[in-house]
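The chain contents come next:
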Amino acid sequence: MDTSFICDLPSGPLDSHRRNVSFDWKKLKLVFEKPQLLKLKLKIWNTLEEDPLFQRFDEEPTTQEQKRIAALQLQQFRKYKFMPISTNKAFVKDRARCLMSINEALAVVCPAVSVKQAIGVYLFQNTLTTLGTERHQHIIEELWNQQVALSALALTEVAHGSDAKNMRTTATYDQETEEFVINTPDFQAAKCWVGNLGKTCTMVLLFAQLYTGGQCFGLHAFVVPVRDPKTLLPYPGLIIGDIGEKIGLNGIDNGFVMFQNYRIPRQNLLNRVADVTKDGDYESSFTEPGKLLGAALENLSAGRVGIMQEGSNNLINAVTIAVRYAALRTQFGSDNGPEVPIIEYQLHQWRLFPYVSAAAVLKIFTTSLTDDYLNAVEMSNTDTAIDNLREMISEIHAIISATKPLITWTCLHAIQECREACGGHGYLKAARFGDLRSTVDPCVSYEGDNNVLLQQTSNWLLRQWSSVINHNTTHSPLKTCSFLTNCNEILSKRFAGSSVRHVKTVAFVTQTYEWLITYLLKNTHQKQSELLTTQCKFTARNNSQVYKAAPLSKAYGEYVALKYYWNHINEHVEADLRSILGTLGLLYGLSCLDKHLVYLLQGNYGNGSLVNYIQDAILELCNEMKKCAVSVTDALAPPDFVINSVLGKADGKLYDNIQAEFFNNPNAMSRPTWWREIKLDDNPNLKLMSKL
């Protein structure tokens with residue numbers, strides 16, 4: 001395994017922690033990152049570190065200045081052409097994986113710029129590729145060659161976000177002119193939160209209700225020019241504006257738009273799955289509008305995968321900062337003894353190390369799932385009939401709908417815990433936790449609200465349960481729930497261990513999750529069946545979420561992440577690294593099960609002893625992690641330029657770095673310009689003179 005391209009870490013106070021491990025942190029890094037993609041990321045980070053436009057600011061720019069800088073940075077980043085591949089080639093997995101890695105590398109440095117690029121270039125191109133046809137190919141070419149300034153996706157409306165089918169923007173076909181006439185009936189139907197629309201984009205991919213011949217055929221996608229690319233002024237018939245300052249990510253110009261009898265050519269309808277003829281006849285390969293909408297919205301999975309990648313990387317940044325700080329920060333100690341690094345304290349380990357294990361598991365899971373997702377996309381874009389493809393796409397959608405919430409919530413909670421674990425210094429802007437938090441915060445809402453996505457997972461699992469009951473089979477090509485065919489045997493099992501060592505195994509974690517998921521799934525099905533005797537399907541689903549369907553989806557997401565993780569370790573990892581990776585997997589699995597103990601007790605899977613064993617095992621694993629936590633985060637972490645934290649530098653010179661931050665921040669030691677406004681009147685009793 002060639003690790004020569006990975007730079008050595010600077011020598012310093014963290015050396016004592018790095019010498020304590022039995023594994024090579026560089027080899028471990030290549031478990032978390034594919035070598036070729038890591039080389040690409042390092043190239044990008046080195047390039048951006050040398051570019052003055054990408055240097056950090058001493059003071060926070062104004063909102064408008066952030067938007068200007070982000071626009072310039074995106075323009076510059078695209079000029080580098082880190083992967084100059086012609087877009088007229090077929091959509092292939094390697095190309096897509098490379099594009100995702102490029103945006104991953106950008107996201108941890110400039111998250112706002114990454115979102116602008118992901119929405120305005122990659123997601124727009126992907127949507128045109130998957131939902132469009134040859135008549136839209138020239139748009140893809142123009143966007144790739146930067147002949148189109150930037151694009152956007154206009155889906156969410158002021159009064160509708162998750163409930164896409166009830167959005168009210170209309171596109172009515174005019175047979176005489178062969179055009180669609182787009183209208184916004186009122187402000188509640190205005191498209192909003194559209195990234196890039198506020199100031200910069202010249203074209204949007206609009207989702208609107210298609211009308212022809214007096215009939216509505218549901219939500220469809222249209223390419224809509226919105227601004228003159230030479231002047232960036234809106235075209236007549238449009239009201240476009242910026243929605244204003246947000247909690248964070250203000251480099252993204254989120255906008256709103258209203259249409260007033262705005263006309264576009266018939267050919268601007270993305271027509272791979274449905275089209276309107278010149279005469280106004282509607283033609284579709286789907287007989288049900290809901291299925292067509294599903295096909296259109298499944299394209300958003302690419303964005304969700306990107307959010308998962310971004311979340312796992314931000315989680316890595318947070319735990320790296322907190323662990324390096326914990327290894328260096330000393331506080332208290334036994335009587336007359338030296339102060340102890342806070343990483344030695346059990347409570348501190350319990351607060352941080354489960355998140356370190358989560359960073360490792362979720363990083364490997366996201367990378368592996370991305371490969372499966374891209375395989376499915378590649379297969380779906382061929383003309384060859386493939387067995388179980390539709391079932392595979394549905395399963396991947398269910399997985400993503402569970403794990404996008406899992407990763408973004410885990411990351412958000414971890415950032416807060418890491419901030420608190422770094423005490424007052426963690427509240428410094430230069431510590432970076434504030435920026436990480438504001439970056440991750442919107443991820444729980446956009447590209448699918450987390451709680452709504454969980455319902456899509458539970459609905460898919462309930463369909464599998466019905467299939468098991470009626471036919472003793474599941475529609476699970478990836479085998480993430482194939483164990484359900486043994487549901488009776490699984491539910492009959494009880495924990496029979498008699499010590500902590502009986503829960504510190506992969507077999508225990510796996511079997512316990514299979515029992516938990518089966519138990520929750522059976523209970524959710526029973527609850528909904530009872531409610532359906534007096535309620536409609538919508539109400540029955542709504543009234544079985546809190547303690548049934550939602551915990552089911554969360555447990556399933558954790559189980560799938562662990563399943564991918566352990567499969568990867570067993571198939572692709574050298575023996576000398578399996579011990580530490582096994583510890584990380586067990587710590588993550590048991591920490592997650594710790595949150596589900598009420599259901600294990602409720603279903604009589606175990607008793608108080610099981611609770612004690614799981615909690616004791618977590619503490620034992622945390623203690624085992626103590627000596628290697630720094631090296632594990634070294635293997636996960638990007639370079640200092642990316643982490644960008646005064647508390648988390650690889651050199652370990654914590655207090656030197658804090659001193660430099662204190663001394664060198666703008667106006668650190670200057671008298672404020674407004675000092676006269678607060679000065680006291682002359683008072684002889686207050687005139688104190690220095691004796692030096």
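Positions within a chain are numbered from 1, following the residues in the order the chain's sequence is written. Predicted model: local features are reported for residues with pLDDT of at least 70 only, side-chain atom pairs are reported and counted for 80 or more only, and whole-chain, interface and lining totals are derived from all residues. Excluding hydrogens and water, the side-chain figures rest on all heavy atoms present in the structure.

J.: Which residues make up unusual backbone geometry, and what are the values?
T.: In this structure, Glu 178 is a non-glycine residue whose phi angle is positive, near 55°. Among the secondary structure elements, Glu 178 is positioned in the loop between strand S2 (170–174) and strand S3 (179–183). Phi at Leu 232 is positive, roughly 60°, even though this residue is not glycine. Only runs of H or I of at least four residues qualify as helices and only runs of E of at least two qualify as strands under DSSP, and these elements are numbered from the N terminus. Following the sequence through the fold, Leu 232 ends up in the loop between strand S6 (215–225) and strand S7 (238–242). Residue exposure (1.4 Å probe, protein chains only): buried if accessible area is under 20% of the type maximum, exposed if over 50%, otherwise partly exposed. Classification of Leu 232 by relative accessible area gives partly exposed; the value is 35%.

J.: Can you break down the pairing of strand S8 (residues 255–259) residue by residue, with the values?
T.: Taken across its 5 residues, S8 has 4 buried, putting it largely inside the fold. One requirement defines pairing of two strands: DSSP has to find at least two bridges between them. Judged from the 5 bridges that link them, S7 and S8 form a sheet pairing that is antiparallel. Looking at S8, one finds that Gly 241 is bridged to Phe 256.

J.: Just give me the short version of the sheet that holds S8, but keep the residues and values in it.
T.: If you walk across this open sheet you meet the 3 strands as S4-S8-S7, and the pairing is antiparallel. Only two strands of the sheet have a single neighbouring strand rather than two, namely strand S4 (191–194) and S7. The sheet shows a mean angle of 15° between the axes of neighbouring strands, direction not considered. Lines fitted to C-alpha atoms define the axes here, with helix axes fitted over just the stretch in contact, and angles between the N-to-C directions of these axes take values from 0 to 180 degrees.

J.: Before we move on, can you summarise the packing of aromatic side chains with the specific residues and values?
T.: Whether two aromatic rings pair depends on their centres lying within 6.5 Å, for rings of Phe, Tyr and Trp, where Trp uses its six-membered ring; planes under 30 degrees apart make the pair stacked, over 60 edge-to-face, and the rest tilted. Applying the stated rule across the entire model yields 14 aromatic pairs. Centroid distance Tyr 80 to Phe 82: 5.5 Å. Interplanar angle 35°. Geometry classified as tilted. By relative accessible area, which is 12% here, Phe 82 ends up buried. Clustering of aromatic rings is evident, with ring pairs tying together Phe 77, Tyr 80 and Phe 82. Over the ring of Phe 5 we find Lys 39, and its NZ or CZ is 5.0 Å from the ring centre. Charge over a ring is defined by NZ of Lys or CZ of Arg lying within 6 Å of the ring centre and within 35 degrees of the ring normal.

J.: Now, about the side chain of Lys 41: what can you tell me, with residues and values included?
T.: Within the secondary structure, Lys 41 is located in helix H3 (residues 35–50). Its relative accessible area of 3% is what places Lys 41 among the buried residues. Here, residues are in contact when the closest pair of their heavy atoms is within 4.5 Å. Setting aside residues no more than four positions away along its own chain, Lys 41 makes contact with Glu 33, Ser 101, Glu 104, Ala 105 and Lys 363.

Function-wise, these values are silent; they only describe arrangement.
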